[in-house]
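These are the residues of each chain, in order.
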Amino acid sequence: MAASLLRSHSSSRLALSRVRAFLSSLPLLHSLPDPHPPILRSQLELGFSPQNPSLPPFPPWTKPRFFCSSSSSTAAEPAPAQDADSSTAAGDEATSEEATASEESAAPSLEPLDVYRELRRADKGSTKLKRSECDSLVKVFRGFAKSPWVSDQALAVYIPASFLPHVCRRFREFFLRRCPPHVFRHLSTLGPSPEADRFLFPIFVEFCLAEFPDEMRQFRTLMDSADLTKPHTWFPFARAMKRRIVYHCGPTNSGKTYNALQRFMEAGSGVYCSPLRLLAMEVFDKVNSLGVYCSLHTGQEKKSVPFSNHVACTIEMVSTEQLYDVAVIDEIQMMADPTRGYAWTRALLGLKADEIHLCGDPSVLKIVKKICRDTGDELEVNHYERFKPLVVEAKTLLGNFKNVRSGDCIVAFSRREIFEVKLAIEKFTKHKCCVIYGALPPETRRQQASLFNDQDNEYDVLVASDAVGMGLNLNIRRVVFYSLSKYNGDKMVPVAPSQVKQIAGRAGRRGSAYPDGLTTTFLLDDLDYLIECLQQPFQEVTKIGLFPFFEQVELFAAQFPNATFCELLDKFRENCRLDGNYFLCRNDGVNKVANMLEKVQGLSLEERLNFCFAPVNIRDPKAMYHLLRFAMHYSQNRPVGIAMGMPKGSARNDAELLDLETKHQVLSMYLWLSHHFKEDTFPYVQKAEIMATNIADLLGQSLAKACWKPESRSQGKPRPIEEENSQDKLKPVAKESYERPRSLIKAHKTKRQEQPGQHHLAGNFVV
Ligand SMILES: Nc1ncnc2c1ncn2[C@@H]1O[C@H](COP(=O)(O)OP(=O)(O)OP(=O)(O)O)[C@@H](O)[C@H]1O
Ligand SMILES: [Mg+2]
């Protein structure tokens, strides 16, 4: 797991260098007489020896902060009086007596090295603790073993999470049998707490150095090859440049991208990095239409416009080799995305551009400032406000589709709900609906968006998933949340406030037919949560995503020649080291694909990695089958074929619609692979492109007339509770209206005791 290492605690920082020095000096250690007190071994190794009196007797990091009132005091000195005071403050009568006594004679030391030495000197079993005393100490050690702080710090001294429980158990056994009374009293006062962890940790390190030097040495080799610390140093050319970073910081619909694109178009050369293919395509079209030659580069397509010095690309495809005058990184807050965040981090750290424009909300401002300090780049921040405030309609739709109006965008969080809502609206009102959801190709989403934007047709309502939250320019008057819960792959959870903000902010676009933005919910019960989300300030991001380069994985893999690719990924995750501001991006799908591809022989590590990262819906067995087939043919050096017929026409039911979606995804995957492998291995690119375009058209035609009940891709598998219940939600309450009977948000938010909507029925809110 990703770990934040050694940022907060200077003593631990020193611990790392100490452990490194210790582990890198094998001959000296081995030449020491045995049995040699380990503490002295490490001291000797660092030069702290009686023969070298000019050096302090113990390295300073071993002084726990909580007990050293003065940094100049040494372990040889008696513990300062404050130490005794601080322990008596919370102590019992006996402790108080002890403190008084310690003022007369030297108090027993609580310096970690002293404690450790005392433990070492003591005979095994010398401590006779009462049962209750023993129990209270065990609690402290349990807390220590489970503390995330300890786990991070242990990783920094080359003890990975997998080994930590064993070491902690041994440490506890060692400690309990020899624990001196004053240390016991001290730990009892602290109890299981961060202070106890910080007190024990340096002693723990000494114990590990003595007991597990070989293991630590092995782990060190392993972890060094999975070292992802200081990622800004991975891009020496970018570091050699003096870059100017401009952060366009503000909420949705405030002109951030517009202003950044102005600079992009003025520049002699530029790159625009988009979170979505769709948005890259929009910028590509817009910029070319304004007379600036611009190419397009996404995972699936490369359109090179002759004489162009500008390129619009998806963030994953941006080159850190090419030099640009201006780069734009849109939706910079996506740096914190658990899966894709690394692509934004890489672009920010690695782009070779004189001027880099970041567009996004304020959540990553602080961390961007920190990165700029690390990279030495100059940072300018431009703050933006929404052109028009967003107004929350307190009335809501009261669970009735009859309250839908022209220009509404109804947001639902599953494909099933989207089609149910579309069906209900078209059946019980005069409105016609366009739909937008993640599984649709970008071309179809754009087609649906322009159908909705165009005022001269009957399609005046949009039903969309969260895919609408980013990228498209839509003429939305009002965003209506059909629900505010979402299936997270495991269970239904409330939609995150940042996402609610992003989606609601789509209402009322400058220059559109509806410049004033409104938002509300379908159910009155959901309204409070909507307001709560919109009123929440942007949460500051403390960690951003990172992922290793292929070369780093390759280096690591060399140590496990017999490991499967899946095992390798797991081991890398377990052993990798990160700075405190970074986390390792997870890729849940990759493991599933890697497992499936295990049976394909003859792929190099790089080829396997490429297949694993191909865009595939892992829940779609047909798409998975095609990926397996592509990999098998490739590994047998056969030209990879499409092996899929063109559908006869548009879909007549949901099963056919699902089939069209799958077919497009498979073609999209084929095109992606063709751009990631040698050209001649995927020779049917042109055919795949034509088929993909035609299928996107068929999808558009199918959606225009879709009036069927949705099916599930995972037929036969248990559906999430929400989906099971969704039939009930649409039970007609009157002949011509529908009602959803309950709000899942209400169930989630049991803590909210007040009656739904009681404060909000009075009027609208500006947020
Ligand atoms: N100065 C301007 N003149 C004309 N139109 C503008 C101007 N600024 C922004 N717009 C228009 O306002 C709309 C919103 O602007 P933009 O897309 O830049 O907002 P944003 O802050 O990037 O929003 P989001 O966070 O949703 O991406 C766009 O349609 C854009 O063309
Ligand atoms: Mg924008």
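Along every chain, residues carry numbers that run from 1 in the direction the sequence is written. Think of it this way: whatever chain is written first is A, whatever ligand is written first is 1, and the rest follow in order. The model is predicted, so local features are restricted to residues of pLDDT at least 70 and side-chain atom pairs to those at 80 or more, both for listing and for counting; the totals for chains, interfaces and linings are taken over all residues. Side-chain numbers here rest on the full set of heavy atoms in the structure, without hydrogens or water.

With respect to the overall build of the chain
Line of reasoning, step 1. Helices and strands together make up the secondary structure of the chain, namely 30 helices and 23 strands.
Line of reasoning, step 2. Counting only residues that meet the buried cut, the chain has 55% of its 767 residues in that class.
Line of reasoning, step 3. Per-residue accessibility takes into account occlusion by the displayed protein chains alone, with areas from the Shrake-Rupley method and a 1.4 Å probe. For the chain, the accessible area works out to roughly 33,800 Å², and carbon and sulfur atoms hold 52% of it. Numbering of helices and strands runs from the N terminus, with a helix taken as a DSSP run of H or I at least four residues long and a strand as a DSSP run of E at least two residues long. Here's how the labels work: a residue is buried when its accessible area is under 20% of the maximum for its type, exposed when over 50%, partly exposed in between, all with a 1.4 Å probe on protein chains only.

Details of the domain arrangement of the chain
Line of reasoning, step 1. For each domain, the first and last residues come from an automatic or database assignment. Its domain assignment divides the chain into domain 1 (112-220), domain 2 (234-383), domain 3 (390-535) and domain 4 (587-705).
Line of reasoning, step 2. On a C-alpha basis, the centroid separation for the pair domain 2 and domain 3 is 28 Å.
Line of reasoning, step 3. By definition in these notes, contact holds between two residues if any of their heavy atoms fall within 4.5 Å. The interface is formed by 13 residues belonging to domain 2 together with 15 residues belonging to domain 3.
Line of reasoning, step 4. A 1.4 Å probe defines the accessible area here, and the buried area is the portion of it lost by two parts on being joined, summed over both. Both sides together, the interface formed by domain 2 and domain 3 hides about 1,300 Å², and carbon and sulfur atoms give 55% of it.
Line of reasoning, step 5. Contact with domain 3 buries area across many residues of domain 2, yet T252, N253 and L278 alone supply 44% of it, more than any other trio.
Line of reasoning, step 6. We define a salt bridge as a side-chain nitrogen of Lys or Arg found within 4 Å of a carboxyl oxygen belonging to Asp or Glu. At the junction of domain 2 with domain 3, the criterion picks out two salt bridges.
Line of reasoning, step 7. Residues adjacent in sequence count toward polar contacts only when both atoms are side-chain atoms; beyond that, a polar contact is any pair of N or O atoms within 3.5 Å, and within protein one must be able to donate a hydrogen and the other to accept it. One can count two residue pairs in polar contact (both at pLDDT 80 or more) joining domain 2 with domain 3.
Line of reasoning, step 8. Charged residues are taken to be Asp, Glu, Lys and Arg, nonpolar residues to be Ala, Val, Leu, Ile, Met, Phe, Trp, Tyr, Cys and Pro, and polar residues to be all remaining types, Gly included. Taken together, the residues that form the side of domain 2 that touches domain 3 break down as six nonpolar, three polar and four charged.

Digging into the environment of M492
Line of reasoning, step 1. Mapping M492 onto the fold places it in strand β16 (residues 492-494).
Line of reasoning, step 2. Assessed through its relative accessible area of 15%, M492 is described here as buried.
Line of reasoning, step 3. Expressed as a C-alpha distance, the spacing of M492 and E266, which sit 226 residues apart in the sequence, is 47 Å.

So, helix α19 (residues 442-453)
Line of reasoning, step 1. For α19, with 12 residues, the first-to-last C-alpha span of 16 Å sits near the 16 Å given by 1.5 Å per residue.
Line of reasoning, step 2. Turning to α19, its buried residues number three or more, namely P442, T444, R445, Q448, A449, F452 and N453.
Line of reasoning, step 3. Against the buried residues of α19 lie α15 (277-289), β11 (408-411), β12 (432-436), β13 (459-464) and α28 (685-705). Here the expected span of a helix is defined as 1.5 Å times the quantity of residues minus one.

With respect to the pattern of salt bridges
Line of reasoning, step 1. In total, this model carries 29 salt bridges according to the counting rule given.
Line of reasoning, step 2. One salt bridge in this structure joins D114 and R117, with 3.2 Å as the shortest N-O distance. One end of the pair is D114 and the other is R117, both in helix α6 (residues 112-121) and three residues apart, which spans about a single turn.
Line of reasoning, step 3. Overall, the relative accessible area of 25% leaves R117 in the partly exposed class.
Line of reasoning, step 4. Between R415 and D654 there is a salt bridge, with the nearest N and O atoms lying 3.1 Å from each other. Remark: D654 occurs in helix α27 (residues 654-676) and R415 occurs in helix α18 (residues 415-428); sequence separation between them is 239 residues.
Line of reasoning, step 5. Residue R415 is classed as buried on the basis of its relative accessible area of 16%.

A word on the sheet that holds strand β7 (residues 323-329)
Line of reasoning, step 1. When DSSP finds at least two bridges between two strands, those strands are taken to pair. The strand order across the open sheet formed by eight strands is β5-β4-β6-β3-β7-β8-β2-β9, and the pairing between neighbours is mixed. In this open sheet, the two edge strands, each paired with only one partner strand, are β5 (302-303) and β9 (378-383).
Line of reasoning, step 2. Judged from the five bridges that link them, strand β3 (residues 270-274) and strand β6 (residues 310-314) form a sheet pairing that is parallel. The partner of Y272 across the bridge, within β6, is A312.
Line of reasoning, step 3. Along the sheet, helix α16 (residues 341-350) makes contact with β2 (244-249), β7 and β8 (352-360), crossing β7 at roughly 145 degrees.
Line of reasoning, step 4. Axis definition: a line fitted to C-alpha atoms, limited for helices to the stretch in contact. Angles are taken between N-to-C directions and run from 0 to 180 degrees. Along the sheet face, helix α17 (residues 365-375) touches β2, β8 and β9 and points at about 160 degrees away from the line of β9.

Re the site of ligand 1
Line of reasoning, step 1. Residue proximity to a molecule or strand is established when one non-hydrogen atom of the residue lies within 4 Å of it. Around ligand 1, the structure places 14 residues, and the nearest of them are N253, K256, T257, Y258 and R509.
Line of reasoning, step 2. Residue S254 places a main-chain N or O atom 2.9 Å away from an oxygen atom belonging to ligand 1.
Line of reasoning, step 3. Between an oxygen atom of ligand 1 and a main-chain N or O atom of Y258, the distance comes to 2.8 Å.
Line of reasoning, step 4. The protein chains hide 80% of the 630 Å² of surface that ligand 1 would expose on its own.
Line of reasoning, step 5. Partitioning the shell around ligand 1 into residue classes produces three nonpolar, six polar and five charged.
Line of reasoning, step 6. Of the domains in this structure, domain 2 (234-383) and domain 3 (390-535) are the two that each give at least three residues to the shell around ligand 1.

Observations regarding the packing of helix α23 (residues 565-575) against helix α24 (residues 588-597)
Line of reasoning, step 1. One can describe the packing of α23 onto α24 by two numbers: an axis separation of 8 Å at closest approach and a directional angle of 150 degrees. The angle between α23 and α24 places the two elements in the roughly antiparallel class. Every residue of α24 that contacts α23 at F565, C566, L569 and D570 is listed here: V590, N591, A594 and N595.
Line of reasoning, step 2. Looking at side-chain class alone, the contact of α23 with α24 contains five nonpolar, two polar and one charged residues. Every angle not falling under 35 degrees, over 145, or within 65 to 115 is termed oblique; those three ranges are roughly parallel, roughly antiparallel and roughly perpendicular.

Observations regarding the packing of aromatic side chains
Line of reasoning, step 1. Here is the rule: rings of Phe, Tyr and Trp (six-membered ring for Trp) pair when centre to centre is within 6.5 Å. Planes less than 30 degrees apart are stacked, more than 60 are edge-to-face, and the remainder are tilted. Counted according to the given criterion, the structure contains 31 aromatic pairs.
Line of reasoning, step 2. Both rings, one in W149 and one in F201, keep their centres 5.6 Å apart while their planes meet at 70 degrees; by these two values the pair is edge-to-face. A residue pair is termed long-range when its members are at least 10 positions apart, and W149 in helix α8 (residues 148-156) and F201 in helix α11 (residues 194-211) qualify at 52 residues. The pair formed by W149 and F201 is uniform in burial state, with each residue classed as buried.
Line of reasoning, step 3. When the ring of F235 is compared with that of F549, the centres are 5.7 Å apart and the planes differ by 80 degrees; the resulting orientation is edge-to-face. A residue pair is termed long-range when its members are at least 10 positions apart, and F235 in the loop between α12 (213-224) and α13 (236-240) and F549 in the loop between β18 (544-546) and α22 (550-557) qualify at 314 residues.
Line of reasoning, step 4. In this structure F235 comes out as buried when scored by relative accessible area, which is 7%.
Line of reasoning, step 5. Using a relative accessible area of 28% as the deciding quantity, one classes F549 as partly exposed.
Line of reasoning, step 6. Cation over ring: R198 sits above W149, and NZ or CZ is 4.3 Å from the ring centre. Placement of a charge over a ring requires the Lys NZ or Arg CZ to be within 6 Å of the ring centre, with the centre-to-atom vector within 35 degrees of the ring normal.

Some words on the environment of K648
Line of reasoning, step 1. Note on placement: K648 falls in the loop between α26 (621-635) and α27.
Line of reasoning, step 2. Between the alpha carbons of K648 and L440 there is a distance of 19 Å; along the sequence they are 208 residues apart.

Structural notes on the side chain of K501
Line of reasoning, step 1. In this fold, K501 is placed in helix α20 (residues 497-504).
Line of reasoning, step 2. Here K501 is buried and forms no salt bridge, its nearest opposite-charge partner D361 lying at an N-O distance of 7.8 Å.
Line of reasoning, step 3. What K501 contacts, discounting residues up to four positions off in sequence, is T252, C533, L534, Q536, P537 and F538. Under this rule, positive means Lys or Arg and negative means Asp or Glu; His and the chain ends count for nothing.

Things to note about the state of the cysteines
Line of reasoning, step 1. In this description, a disulfide is simply a cysteine sulfur pair whose atoms lie within 2.5 Å. As enumerated under the stated definition, the model contains zero disulfides in all.
Line of reasoning, step 2. No disulfide involves C134; its nearest neighbouring cysteine sulfur is the one of C179, lying 9.7 Å away.
Line of reasoning, step 3. With relative accessibility at 26%, the residue C134 sits in the partly exposed group.

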